Each structure stands twice: as C-alpha cells, then as structure tokens.
Amino acid sequence: MQKKYSWYSLLKAGLNDQDWDQAIPLIQPKSKYDVIIIGAGGHGLATAYYLAKECGINNVAVVEKGYIGGGNTGRNTTIIRSNYLRDEASSLYEHALKLWEGISEDLNFNVMFSQRGVYNLGHSLQNMRDIERRVNANILNGVDAVVVDANEIKQQIPIINTSKNARYPIMGASYQARGGVARHDGIAWGFARAASMLGVDIIQDCEVIDIEVEEGRVKGVKTTKGEILADRIGCVSAGHSSVLAKMAGLRLPIESHPLQAFVSEAMKPVLHTVVMSNAVHGYISQSDKGDLVIGAGIDGYNSYAQRGSTKIVEHAAAAILELFPIFSRVRMNRQWGGIVDVCPDACPIISPTKVEGLYFNCGWGTGGFKATPGSGNVFAHTIAQDKQHPLAEPFHINRFTTGGLIDEHGAAGVAH
Amino acid sequence: MLLIHCPYCKESRDQSEFSPAGEAFIARPKSPEGISDEEWADYVFYRTNHKGNHWEQWVHTNGCRKYFLVERSTISHQILQVAPFGARNSETEL
C-alpha cells in the first residue's frame, strides 16, 4: 500500500531503518482499459495522472517498452521556461510553467523544481532586436521577461566572458526569473506514483508491437505482454512516434534526430542560473549535485540510435568555452543522446488523427521537458472529451494541410 | 562519426565534409495545380522517418558540392551503399 510522503514518514522510516514502500507496483496488464497511453515518459505519465485526477477516467494503462522516464525524460538538460514568441506557444508553455510551480505539492513528490532564472543571450544587433521583440511579446502575454545588458549579466554571472574581444561578444540577454530546472526522474516518478495511487496501471517492459484498427476505429494494442483492448489510445512516444503511426497506417510530419547532452564531474557551486545561447548554440546549468549539465544541438541526419556524433560534442564544447573560458579544464563525465521528434515548425502536435480514438502527442522536438505537466494536462482533456483542449487547438495535425503553422524556429531563443 | 564514400569524388571521406539533406525519393508533384491540400502537405511536410535501412540524400559540402544518395541504417548508422542521383529511384528501391 502506498502512503503519503511527509516529514513524519521520512523520519519514521529513517529511524526504523525500514524498507521503503514501492513507489509504484509492478503489475501485469488487464485485458481491457478505457484509455491506453503508449509511452511512460513524463508526458505520458502526466497524461494518465490528469486523466484520473481531472477527467474522472481511472481505468487507464500506461504501457512502456523500457522503464519509466528512461527515454528523453531522463536524457534532457531539464531547462524550464515559457518565454516563447508566438501566442499559441507561449500560452501552452506558460500553462506548463504554472503547473510546475505547484507540482511538488500536488504530486506529494519533490521534483526539485528550482526557479533559478534563465538567460537567453544575444550576440549581435539582430539578436538583440529579436530578444526585445520576444520580451515585449512575452510581457503582453503575461509571461515574465526582461531585457538585460552585458553589464548586468556580468554582475549576475561573474565567470561569464563579456569581453568585446570575444569572437561572438555578448551584447545582452532576455531573462526569465521564473524559469529554471527540475529533477528529470523526479517528475517521471512523481507523476507515476501519483497516477498509480489514483488507480492507473503503469506497465513497464511492455512494448507495443501493433496498433489494432478496425473500420477506421482503434481497437487495442498488441504488446509483448499480450493483447490489451481500449477504445481510446494516446501515443506519447517522442522519437518513436512515426513507428507507432505506421502501425496504425498513418504518416506524420516528423523526423527523428539524435540530441546530445553531457555532464561534467561534480564541483562546488559556480553557476547559479541557466545560460543559453542560440547564436553559439550551447546551453548550460549546474545541477544540485554539482555537475555542469551541457546541451548540444541535433545531428542533421535521421536516427533512432540514441547517440550523436562527435562533431556536435565539439561544437557544443566550443560554444560553452566561448561563454565560460573558466571551464576549459573541466573534465566531462558522461555523454549521451536521446531521439527527438522534430516537427517542421518546431511546435508539438497534440491532436486526434484520422483513426477514430487514436490521439498523438508528439513533435516536441528538442524542448519537451519544460512542457511536461502542461502537455499531459491538455492531452488528457483532449482524450477525455474527444475534443481538443482550447490550448491544444492550434496544435492540431491539420495545420500542416491548412498552412496554419506556428513558426517557433529560432524565434524562441531556440536551443531548448 | 561516419565515413562516407562520395560517388563523384570516388573517395571515402570524414562526415564533417558532408551535410545531410533529408529523405530521398521525394518527387515534386507532376501537376502542382491539380492536387489537393492534403497531397501538398504530404509532399512538403510528411516524412516516412523510417526505422531501419533508409535512403537519404547527402551533399559533399566541403568537396565537390554535389548531392548523392545514401542507404543507411537509422538504427546502427551503418552505410550500406551510395549512389549518384538517377541511379536509384523510388520504384527500384521502395
């Protein structure tokens, strides 16, 4: 039986040296559910949680081919912000950021959400014009944002190189104080535990091998743990979305690319905030454990291999050293890649499909982590009501046919 | 890092000389005025995004600057074959 976490339960378990309760039970699937969610990453688990909590649908299974949060949820650089340019995008990400602000209490699980601020640097006059435009758009949309100049950046981050002699001198930045980072597996485990306490079955090591469609309606899935039936299925499988779509006879406007990140060995606190630069293309923060978390760009070719090329590592390292020469002798500890699902307009697809009862939440590309609670929230409502949540409406897959694209490429200080 | 054989230069060179240029065999519609919005969307935005052996285009950016075709596994990254344009098409390969 799962119990609520509290300081008392922590103290009691610590003093008694007792075994901790399992956060989520290991279970076998039932033969039928109301809703199946494919993919137990942050977005999938959040969807299940909000289905149970806000939509009154508790008979939900989340099937996962690996373990929870083992895909992109556990592979990203955990940066959270909502300072997007377009109204549609900033509303969605701001919805997510507001949920982040109360999520630890809501889930009774510390996701270590830390609002340490996010700087998006500008290195040219055009960068600064874009930043001012974006900050003004943010303010009109009720998103906190300010423009700061190079001197203010230097005051806040003394180790940053603001020399005018730099190859790409820092001229200023946008700053979102409410942005920050969170613990990546914290959010997966928090949602998983909270969802399972509401009756959701989380089934790991259960790969979907086929999606059964009958007369244009979804019927269920064939998995490595047998057939599971459901009238409604939500696919939240990031890099493998095209693979699932193919099972249902669909195509998506998505390509899968590797996105890399790496961390250094742990060291004493040196960087208290998040610094991103679109122009030199690197982003960096220091985790609570002390390691520098550095993000790179995507490889240009398609891949499902969860590893990137050394060219990108070199590029990201060069970008970081341009900003922080002090890190030139920091030793890197681990490097890895995740497979991101990139949409032509760099915005997600949260949408029903031509197959009745089959919904996709994908195309988050390089920036999905920050949206985790918001994504799950609007997707849950979209599935429950068979009607898109108002915030999800602009993200219908039809936009690629109608031309209603939401052009966020480069507009959002990019590098996610 | 990939080692790519350019079918024009007839040499295997480091990946850093090349740039990927997307899925191969996407033909522009023959009668652009006569097709529906769905067909346009399929041509412009929709992709196969195949998991497995996949035909794609590369350009020898820092070499002969020509485009050519590569069949590569998107799981292992192994390059199976390269070909100049015209030597393969969607009818022979898909």
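Conventions and cut-offs
- Residues numbered from 1 in each chain as written.
- Chains lettered and ligands numbered in written order.
- Predicted model: local features only at pLDDT ≥ 70, side-chain atom pairs only at ≥ 80, totals over all residues.
- Heavy atoms only, no water.
- Helix = DSSP H or I, 4+ residues; strand = E, 2+ residues; numbered from the N terminus.
- Expected span 1.5 Å × (residues − 1).
- Bend = angle between axes of the 7 residues up to and from the residue.
- Buried < 20%, exposed > 50% of the residue type's maximum accessible area, 1.4 Å probe, protein only.
- Contact = heavy atoms within 4.5 Å.
- Buried area = accessible area lost by both parts, 1.4 Å probe.
- Salt bridge = Lys/Arg side-chain N within 4 Å of Asp/Glu carboxyl O.
- Nonpolar A, V, L, I, M, F, W, Y, C, P; charged D, E, K, R; others polar.
- Phe/Tyr/Trp six-rings, centres within 6.5 Å; stacked < 30°, edge-to-face > 60°.
- Axes fitted to C-alpha atoms, helices over the stretch in contact; angles between N-to-C directions.
- Parallel < 35°, antiparallel > 145°, perpendicular 65-115°, else oblique.

*Asks:* Pulling in residues and values, what's your account of helix α3 (residues 87-107) of chain A?
*Replies:* All names here are of chain A. For α3, built from 21 residues, the straight-helix expectation of 30 Å at 1.5 Å per residue is met to within 8% by its first-to-last C-alpha distance of 29 Å. Along its length, α3 reaches its greatest deviation from straightness, about 45°, at glutamate 101. If you check which residues of α3 are buried, you get Ala89, Ser90, Leu92, Tyr93, Glu94, Ala96, Leu97, Trp100, Ile103 and Leu107. Where the residues of α3 are buried, they touch α2 (42-54), β3 (79-80), β6 (172-176), α6 (184-197), β17 (349-352) and α9 (372-385). With its phi angle positive at about 55°, asparagine 108 sits one or two positions after the end of α3.

*Asks:* Could you give an account of the interface of chain B and chain A, with specific residues and numbers?
*Replies:* Contact with chain B, which involves 26 residues of that partner, is made by 26 residues of chain A. Taken over both partners, the interface formed by chain B and chain A buries close to 2300 Å², and the fraction arising from carbon and sulfur atoms is 51%. For the chain B face of the interface with chain A, the top three residues by lost area are B:Phe45, B:Tyr46 and B:Asn49, together amounting to 31%. There are 1 salt bridge connecting chain B and chain A. Residue A:Arg251 is joined to B:Asp42 by a salt bridge in which the shortest nitrogen-to-oxygen separation is 3.1 Å. Counting residues per element, the ones that place at least two in the side of chain B that touches chain A are β3 (19-23), α1 (37-44) and β4 (53-59) of chain B. Looking at the side of chain B that touches chain A element by element, the count peaks at 4 residues for α1(B). Here the residues of the side of chain B that touches chain A are counted per class, giving 9 nonpolar, 9 polar and 8 charged.

*Asks:* Lay out the packing of aromatic side chains with the relevant residues and their values.
*Replies:* Ring pairs (aromatic) are described by centroid distance and by the angle formed between their planes. The tally for this structure, following the rule as stated, stands at 16 aromatic pairs over all chains. Residues A:Tyr301 and B:Trp58 carry aromatic rings whose centres are separated by 5.9 Å and whose planes lie at 35° to one another, so their mutual orientation is tilted. Pair noted here: A:Tyr301 is in the loop between β15 (291-298) and α8 (310-323) and B:Trp58 is in strand β4, and the two residues belong to different chains. B:Trp58 sits in the buried class, given a relative accessible area of 1%. With centroids separated by 5.7 Å and ring planes inclined at 50°, the aromatic side chains of B:Phe25 and B:Trp55 adopt a geometry described as tilted.

*Asks:* Run through the packing of α2(A) against α3(A), naming residues and quoting values.
*Replies:* All names here are of chain A. Where α2 meets α3, the closest approach of the two axes is 14 Å, and the angle between their N-to-C directions is 70°. It follows from the interaxial angle that α2 and α3 lie roughly perpendicular. Between α2 and α3, the contacting residues are Tyr49, Tyr50 and Lys53 on the first element and Leu99, Ile103, Asp106 and Leu107 on the second. Here the residues of the contact of α2 with α3 sort into 5 nonpolar, no polar and 2 charged.

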